2 protein chains.
Amino acid sequence: MAQRHPDMALAEAGERAALPAGDVLAAYLREQATTFLRALTRNAQGENDTDAPDAGHQLRRSARRIGSALHTYGSLTDPAWADPLRAELGWLSSTLAREHEYGGRLARLLTALHRLSADEETLEDEAAALVPAQAQQAAPGGGPLAVGAARAGALLERQLSLARTRAHSAALQAMGSSRFHAVADAVAVLASEVPLAAAAGAPAGEVLPTLTSHAHTVLAETVGTLPLPRAGHSYNGDALRSALAAELSAERQDAPWHRVRILLRLSRYAREVFPYADGEPESRPAALAHVLEQHREAAEAAAAVTSAARTPRIAPATAYALGVLHADQRQEVEQARFAFVHLWQRTAVS
Amino acid sequence: MAQRHPDMALAEAGERAALPAGDVLAAYLREQATTFLRALTRNAQGENDTDAPDAGHQLRRSARRIGSALHTYGSLTDPAWADPLRAELGWLSSTLAREHEYGGRLARLLTALHRLSADEETLEDEAAALVPAQAQQAAPGGGPLAVGAARAGALLERQLSLARTRAHSAALQAMGSSRFHAVADAVAVLASEVPLAAAAGAPAGEVLPTLTSHAHTVLAETVGTLPLPRAGHSYNGDALRSALAAELSAERQDAPWHRVRILLRLSRYAREVFPYADGEPESRPAALAHVLEQHREAAEAAAAVTSAARTPRIAPATAYALGVLHADQRQEVEQARFAFVHLWQRTAVS
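Residues numbered from 1 in each chain as written. Chains lettered and ligands numbered in written order. Predicted model: local features only at pLDDT ≥ 70, side-chain atom pairs only at ≥ 80, totals over all residues. Heavy atoms only, no water.

Chemist: Describe the pattern of salt bridges, and please don't skip the residues or the numbers.
Modeler: Within this structure, the stated rule accounts for 29 salt bridges over all chains. The residue Arg337(B) makes a salt bridge to Asp254(B) at a minimum N-O spacing of 2.6 Å. Taken as a pair, Arg337(B) in helix α12 (residues 316-349) and Asp254(B) in helix α10 (residues 248-273) lie far apart in primary sequence, 83 residues in all. Judged on exposure class, the residue Arg337(B) and its partner Asp254(B) are both buried. Ionic contacts of the salt-bridge type, sharing partners, join the residues Glu101(A), Arg105(A), Arg261(A), Glu293(A), Arg296(A) and Glu300(A) into one network. (Salt bridge = Lys/Arg side-chain N within 4 Å of Asp/Glu carboxyl O. Helix = DSSP H or I, 4+ residues; strand = E, 2+ residues; numbered from the N terminus. Buried < 20%, exposed > 50% of the residue type's maximum accessible area, 1.4 Å probe, protein only.)

Chemist: So what about the nonpolar core? Which residues, and what values?
Modeler: Judged by nonpolar contacts, the single largest core of 54 residues is most densely connected at Leu244(A), Leu322(A), Leu244(B) and Leu322(B). Not counting chain neighbours up to four residues away, the residues in contact with Leu322(B) comprise Tyr320(A), Ala152(B), Leu155(B), Leu156(B), Val305(B), Ala308(B), Ala309(B) and Ile314(B). (Core = buried A, V, L, I, M, F, W, Y, C linked by side-chain atoms within 4.5 Å. Contact = heavy atoms within 4.5 Å.)

Chemist: Give me the lowdown on the relation of the copies chain A and chain B, citing residues and values where you can.
Modeler: Taken together, a rotation about one axis and a shift along it account for how the two chain copies relate. The transformation that overlays chain A on chain B combines an axial shift of 0.0 Å with a rotation of 180°, and the residual RMSD is 0.0 Å. Look at the turn and shift together and you get a two-fold axis relating the two. (Least-squares fit on C-alpha atoms with pLDDT ≥ 70 in both.)

Chemist: Report on the interface of chain A and chain B, specifying residues and quantitative values.
Modeler: Contacts between chain A and chain B engage 46 residues on the former and 46 residues on the latter. Regarding the contact of chain A and chain B, the summed buried area is about 4000 Å², with carbon and sulfur atoms giving 61% of it. It is Tyr235(A), Leu244(A) and Tyr320(A) in chain A that bury the most area against chain B; as a group they hold 24% of the surface buried on that side. At the boundary of chain A with chain B, the tally comes to 19 residue pairs in polar contact (both at pLDDT 80 or more). Elements represented by at least two residues in the side of chain A that touches chain B include exactly α4 (79-117), α5 (120-129), α6 (144-175), α10 (248-273), α11 (283-309) and α12 (316-349) of chain A. Of the residues belonging to the side of chain A that touches chain B, the class tally is 24 nonpolar, 12 polar and 10 charged. (Buried area = accessible area lost by both parts, 1.4 Å probe. Polar contact = N/O pair within 3.5 Å; in protein donor to acceptor, adjacent residues only side chain to side chain. Nonpolar A, V, L, I, M, F, W, Y, C, P; charged D, E, K, R; others polar.)

Chemist: So what's going on with α4(A)? Residues and values would help.
Modeler: Under the 1.5 Å per step criterion, the end-to-end length of α4(A) is 54 Å for 39 residues, consistent within 8% with the ideal 57 Å. Approximately 40° is the largest bend angle found in α4(A), and it occurs at Arg98(A). (Expected span 1.5 Å × (residues − 1). Bend = angle between axes of the 7 residues up to and from the residue.)

Chemist: Break down the packing of α4(A) against helix α7 (residues 178-192) of chain A for me, citing the residues and quoting the values.
Modeler: All names here are of chain A. Contact pair α4 / α7: the axes reach a minimum separation of 10 Å and the direction vectors enclose 125°. Here α4 lies oblique to α7, going by the angle between them. Of the two elements, α4 crosses α7, and the hand of that crossing is left-handed. In this structure, α4 contributes Trp81, Leu85, Glu88, Leu89, Trp91 and Leu92 to the contact, and α7 contributes Arg179, Phe180, Val183, Ala186, Val187 and Leu190. Its residues assigned to classes, the contact of α4 with α7 comprises 10 nonpolar, no polar and 2 charged. (Axes fitted to C-alpha atoms, helices over the stretch in contact; angles between N-to-C directions. Parallel < 35°, antiparallel > 145°, perpendicular 65-115°, else oblique. Left-handed = near helix turned anticlockwise from the far one by under 90°.)

Chemist: Break down unusual backbone geometry for me, with residues and values.
Modeler: Positive phi values are uncommon outside glycine, yet Arg313(A) reaches one of about 60°. Position of Arg313(A) relative to the elements: it lies in the loop between α11 and α12. Judged by relative accessible area, Arg313(A) falls into the exposed class, the value being 81%. Even without being a glycine, Ser242(B) presents a positive backbone phi close to 65°.

Next up, the structure:
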């Protein structure tokens, strides 16, 4: 359903409004469960295949959507069955995502280091030749600063590659575990028969929009608790504030934004189950999700840099480069919040 | 003249338009020369007086204005006399400014370190109690990050205090030198008789607006060579770009902005000699000058941090804190450029 054109989906929703809500929800869950099981088969067959990463992506994607639908439309399903499955799907998708995340974090940090350490001329030449920055090595060339940058890059590469390898092993181990097989079995049940609650008998047009709009209301209320006016002011310096204070300072500051990211995802996926005609353009939630994803990636990259800086016996030049890189990523955190506020306010007005 | 209300100054300019241009220029130079000589006397009397810093400020202020008027209205004075005096006034004001600059740089960096290393709660409490951040010590409290911040602060304090002390000695030495006495003598001549060129006989209303507007045109043309569209885009990341490349990278990038700062000063001071009625609100050039001053201070503070990071045998935690602080100041460089572009474009439109 996610792949269909939104207008078509909306027209179909009109027809489906008279169906029992449980039927509509079950159809969505069946579709996602089928995708999940197909990806599982492809993944099992093609362990060393080039398709395998795509299969992993598809697995995570469906797992998140099933879990999300079970959350938003939980009142329509048997809670004794839905709640534990939702928790297990959460475990699965985060376990499978980790390897990908470490890879992305390393690429992000090496790209940033390149931008920070290459000469202006080199950067301009690359922009002209459209050579992706990642493809270039952080050119040593210059003095002690560039040496520090190169060493910082090597340190991050070593640490994050190791973390990625471990995450890969952990994912393989998880996929072979009985815990995983239990999840796969539960999803297989979902593909044939969804255990529904009594409330699922009511017409879809009456029940589903209320639940979808509830997800959106929770999102909007939580966004309302964010420091929007400050974050919408460029160069407010908030994300870097207290960067050298106790380690938990950034986490405490970022947490409400991460929570909004989760709620936005619930709201977006809920619209896939039953489009909710409130004039929200289809592209807006995706754009909001993108900036909050940037927010999360930059925040986690900054934390990885702080952690690398704690490595014993690093050279001062390496530590200095890590400090610059940390601040650079916290700056991207601030930038993502700024972009979110302006996108959100445009959404709220229209 | 600078202290008068602009409307009054403009009305007086109407009356003065018929006077010879040389008379109007000479009156301005005489006023500045008198202020300079008075400040010199106060400075000599009150070496250990609380008034002394004000006297130093007044000396620099008049020296800059005399030099600037001799530059913009150079065609009205005897070049054989004006050009060397202008160069000597430049030497004098930069020699006298240095002590003040090091003090300001240290205060700026300690304030920034405090913002970066204090807990969010502490910062909020301070904001509520309106306690200036500078008054607070960079609280150690936290883990290795806070220790690094405290050590970085101590290192900067040591280096910049030493530089300030040296600048103070250099200023005292300069004030006792025969070179200084020659400048003071030349300014004393200015207070009684300005050596004018033949062109100074033409009516002020014909000659001065042309020269004032020429200063503004040179400024506008130079601003036109800046990367305005990029700099006017928030979070463009330009000022931090290449922060870890060769040391000269930042200087090369900042130079055109510093040049605009000088040209803006020439244009501002020219308006004091003879107000130029082009509808430019009086407050705008001052606001532009302020953001370019912030630009310069942040750029020089960032360079001082890089220089401190080159101190042998510093701890990695200290170097890391210096890296974060460097990036923070480069961020303020970017912010100042952003503010300049938007102020400038508002000026250009109105």
